[in-house]
Amino acid sequence: MAEAADFQGTSPSPARRWLRRTGVLLAGVPLLAGLLQLPAAPAADAAGQDAPRAAGAGQVAVSVDALTPGVPTEGDTVTVSGTVTNRGKQTVTDAHVGLSVSPPLTTRSGIDTIARNSGDVRTPVGPEIGGKYTQEFAKLTPGVSRPFSISVPVDELDLGQHGVYQLAVALAGQTATQQWEHTLGVQRTFLPWQPEEADTKTRTTFLWPLISDVHVTAETGSNEQQTPVFRDEELAEEIAPGGRLERMVSLGQELDVTWVIDPDLLASVDAMTQGYEVRGEGDENVPGRHEQVAKRWLAQLQKAVADKEIVALPFGDPDLASLAHNGTAVAGSLNHLKEATDAATETVRTILHVTPTTDFAWPVNGAVDPSIVKVATSAGADKVIARSDTFNETSGLSYTPSAPRPIGGGITAVVADARLSTAFQGDMAKASASTLATQRFLAQSLMLGLQTNEQRSVVVAPQRTPSASQAQTMADAVKALQDGTWSESQDLTAAAEAKPDPAAGTKIPSASAYPSSLRKQELPRSAFEQIARTQHKLDKFKVILSSADRVVTPFGRALNRAMSASWRGRAPEAATYRSGVETYLDGLIDSVKLIEKSETKLSGRSATIPVTVQNNLVQGVDHLVLRLSSTNPTRLKIDGDAYQEQPVTVSGGHSQSVKFTTSANANGRATVVAQLYTPDGQRYGEPVTFDVKVTEITATVMLVIGGGVLLLVLAGFRMYTQRKRAAAREAAEDDLMGEETGAPQNPEGAAERLTEESGSGSRADDPHQPSDPAPDTAPESAGPSGTGERVDR
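Residues take numbers from 1 onward in each chain, read along the sequence in its written order. Restriction of local features to residues with pLDDT of at least 70 applies here, the model being predicted, together with a cutoff of 80 or more for giving and counting side-chain atom pairs; totals for whole chains, interfaces and linings are based on all residues. Working from all heavy atoms in the structure, the side-chain values ignore hydrogens and water.

The next point concerns a nonpolar patch on the surface. Within this analysis, patches are made of residues with over 30% relative accessible area and no salt bridge. Like charges are joined at 9 Å or less; nonpolar side chains (Val, Leu, Ile, Met, Phe, Trp, Tyr) at 5 Å or less. Where accessible areas are quoted, they stem from the Shrake-Rupley method and a 1.4 Å probe; at the residue level, only the protein chains shown are allowed to cover. Just to be clear on terms, a salt bridge is a Lys or Arg side-chain nitrogen sitting within 4 Å of an Asp or Glu carboxyl oxygen. Together, L710, L711 and L714 make up an exposed nonpolar region whose accessible area comes to about 320 Å². Segments assigned H or I by DSSP are reported as helices when at least four residues long, segments assigned E as strands when at least two residues long, and all are numbered from the N terminus. Assignment of secondary structure puts L711 in helix α19 (residues 699-741). The buried label goes to any residue with under 20% of its type's maximum accessible area, the exposed label to any with over 50%, and the partly exposed label to all in between, with areas taken from a 1.4 Å probe on protein chains only. Look at L711 and you get exposed, because its relative accessible area is 60%.

Counting buried positions along strand β9 (residues 216-220) gives four out of five residues, so the element sits mostly inside the fold. Pairing between β9 and strand β10 (residues 228-230): two bridges, direction antiparallel. Opposite T220, over in β10, you have P228 as the bridge partner. Between any two strands, pairing holds if DSSP finds at least two bridges.

Below, the discussion takes up the packing of helix α3 (residues 108-116) against helix α12 (residues 431-450). The description of two helices packed together rests on the angle between their axes and the distance between the axes. Only the stretch in contact is used when fitting a helix axis, every axis being a line fitted to C-alpha atoms; angles between N-to-C directions are given from 0 to 180 degrees. Interhelical geometry of α3 versus α12 gives an angle of 160° and a closest axis separation of 9 Å. By the criterion of interaxial angle, the relationship of α3 to α12 is roughly antiparallel. The handedness of the crossing between α3 and α12 comes out as right-handed. Facing α3, whose interface residues are R108, I111, D112 and A115, α12 presents R440, A443, Q444, M447 and L448. Each residue is assigned to one class: nonpolar for Ala, Val, Leu, Ile, Met, Phe, Trp, Tyr, Cys and Pro, charged for Asp, Glu, Lys and Arg, and polar for all the others, Gly among them. Of the residues that constitute the contact of α3 with α12, the class distribution is five nonpolar, one polar and three charged. Between 65 and 115 degrees an angle is taken as roughly perpendicular, under 35 as roughly parallel, over 145 as roughly antiparallel, and anywhere else as oblique. The handedness criterion is simple: a crossing whose near helix is rotated anticlockwise from the far helix by less than a right angle is left-handed, and one whose near helix is rotated clockwise is right-handed. By definition, residues are in contact when any of their heavy atoms lie within 4.5 Å.

A separate point is the sheet that holds strand β12 (residues 277-279). For sheets, the rule is that strands pair by backbone hydrogen bonds, running either parallel or antiparallel. Strand order in this open sheet of four strands is β9-β10-β12-β13, and the pairing throughout is mixed. Where the open sheet ends on each side, the last strands, each with one partner, are β9 and β13 (285-287). The sheet shows a mean angle of 40° between the axes of neighbouring strands, taken without regard to direction. Note that β12 and β13 share three bridges and pair antiparallel. Paired with V278 across the bridge in β13 is V286.

Our focus in this paragraph is unusual backbone geometry. The residue after T68, namely P69, is reached through a cis peptide bond having omega -15°. Looking at the element boundaries, P69 is found in the loop between β1 (60-68) and β2 (77-86). If you check the backbone angles, N365 has positive phi at about 60° while not being a glycine. Within the element layout of this structure, N365 appears in the loop between β15 (360-361) and α10 (370-376). Looking at N365, the relative accessible area reads 35%, which means it is partly exposed.

Attention now moves to helix α7 (residues 291-304). Residue count minus one, scaled by 1.5 Å, sets the expected span of a helix. Taking 1.5 Å of rise per residue, the 14 residues of α7 would be expected to cover 20 Å, and the 20 Å separating its terminal C-alpha atoms lies within 8% of that figure. Residues of α7 that are buried sit in contact with β8 (202-210), α4 (234-239), α5 (244-252), β11 (258-261), α6 (263-273) and α9 (333-352).

Time to look at the layout of surface pockets. Here the second largest pocket defines a volume of roughly 650 Å³. Cavities and pockets are defined on a 1 Å grid built over the protein atoms alone: a cavity is a set of grid points where a 1.4 Å probe fits but cannot escape, while a pocket is an open set with protein on both sides within 12 Å along at least five of seven lines, and lining residues are those with an atom within 4 Å of any such point. As for the second largest pocket, its lining consists of 25 residues, and the residues nearest its centre are A267, A271, T553, R557 and R561. Secondary-structure elements contributing two or more residues to the lining of the second largest pocket are β9, α6, α9 and α17 (549-561). Looking at the lining of the second largest pocket residue by residue, the classes come out as nine nonpolar, eleven polar and five charged. Grid points are joined across faces, edges and corners, and a volume is the space filled by probe spheres set on the points.

This brings us to the sheet that holds strand β4 (residues 134-140). Within the open sheet, the four strands sit side by side as β4-β3-β6-β7. Their pairing is antiparallel. If you trace the sheet from one side to the other, it starts and ends with β4 and β7 (182-193), each paired once. Between one strand and the next, the sheet's axes are offset by a mean angle of 15°, whatever the strand orientation. The pairing of strand β3 (residues 92-101) with β4 spans six bridges and is antiparallel. Within the sheet, the bridge partner assigned to H96 lies in β4 and is E136. The strands that α3 touches are β6 (163-174) and β7; relative to β7, the one it contacts most, it runs at about 150°. Contacts from α12 reach β6 and β7, with the element oriented near 50° to β7.

Moving on, we come to the pairing of strand β29 (residues 683-695). Inspection of the sheet shows strand β22 (residues 600-603) paired to β29 by four bridges, in the parallel sense. Bridge pairing in β29 links T600 to V692. Inspection of the sheet shows strand β28 (residues 668-677) paired to β29 by nine bridges, in the antiparallel sense. Within β29, the residue paired with Y677 across the bridge is R683. Between β28 and β29, which pair antiparallel and follow one another directly, the connecting turn spans five residues, one of which, G681, has a positive phi of 85°.

Next comes the structure, spelled out in structure tokens:
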């Protein structure tokens, strides 16, 4: 970025400050002359004993742990506190810590240079304020740290014109090998000075990201609530008191910032509030234990974002650069981005009860090229958050232009300032690192505002997932900026709609300019191919389900998560997650299948063959078609043809047998194939193949059996007629005898006697009547069947 060489409206420094600093410099001339006359041997010996850790680092480490106020005004007292640590092997004597203020800086790059060399003792530190504004140490032994605190009224700092001043905190003392006072350690920082309200304030937009890693799997419980299963409990740690995301919410609610939220984070925490499970070490899941933590965090977030602008990223924060460079060649990849964008608004509105804006796309580190812009805007976004270190200026501007840049096609690139956006990277757990980062951020912001009298809109887009200490440092810097006199807050939408600077560059960087370090971290093409394969399986599976949403929604969200930018630099974990999603889906698909069959025996010309479909899912399946095919229709036909199809409906947790009518034309074995199909004719699951053994009964056998039956019938009829004739003869004889003896004729009595006589040899209740037919079949055996499976005739 080009820099301004000077500022408008500056006033000369006071004369007394110039005289004081000139006098100190003149007093140092004799000392410098003496140093030049010293022999070289002692210096070499000192270098050997007090070897610095880095080039220019002194024997004593000076740490500035606090500088208050960070932005002083008239009448304030500046307090600098920290520690000094003797890192060398020699004791330091007659030491003191003092402050010095250098003339105001003139460029933003000048701030960068000082920050890079903040501990270099070889660079002069300027005249010391001296007097009572120092702290003395009689002795500093090796390895010992001592605290210091110096308070100086602003009037004593001789701050004149508005600007950014270098504030050096230095320790001077002596050692055994260098027995004269010299600087042994220094720490430089910055003091922004703008006591009055600026005539033209910079409009600053600070993005406050709520983004996390992927925590939720595709697996859900079989209950009505579909209890989600988490990969781990790391999210609970982040939202617990003191955790990273808890700090982001508690700090952000006091700031005027634009919240940038991944809806997946909201959905994950919301799922925790309703009960969840966590993967155990084996196959068993364990109940989650942080429902109340999740409820408290969500309630706090709802309060924090009230009346604030919320920018919702696509669900899962998909890696736009990976998708542009490696995913567009895989069919269906862009559909996932559209689905993720559509899910964003509903998720935020449902959980936070506010409507977000989804007009912004945010590639990783704001690095863009034409393909990234094309993909980023394909789902409906018309604004892309870029960053100035990759969206290079080409017009030679001497100042930082406003953020919005029209790049054609109705698309706006909102270019965040790289210096401000990267100010909080690194380890901010140490107070010294946090203090230096805050002061550097404030210095860059003020310097930017002093470049021109024109009002500009500036955007700060920090790292996606700040740590808790980074969040604290960001909050300190934003609060100091908002309490300052040269900046005013505005939301991201207003920044994007600000008047573009006509002199600012609007050309999108070429693909070759995309940082190689970022390209190495991208998801490979194989990742998108696996996602597409899983989606294809899901599409085939969902059409047979009675409640498809129970499967489509969790798997759809899991595939969005598989494309997340959070997988950068974590390729093995990303591959494990994708494989886990696909494997779990395969298990569900295999829950609906055909039961294996053994060889089936077919006796006779026709019979029915049952085929069983098993459904181990919780929900029912429908719209399936079962086809039974004969590989040898000449020998065995299915419903008079080579195959027959029947619709299948199976309730959850049940099995259903489907019967097919078959007809045999010849004896022998015939192979039969059972296969499930979806309504569109796609194969579902693995086929089941089994043999049918045909043992047809011949016509000769049937004739013999028929003849035997006929003979039995004729024999029975002959016995019946013979008995009837015998009974008639006996009755006639009885009547004749009655006439001869003069007995009265009684036909009815004769009939009764005939009946009694005939019944005396064979009663109706006698189980061994000769006329009873023999059983035609043997009782069914309760033992196991033979090797073949009998079928219904």
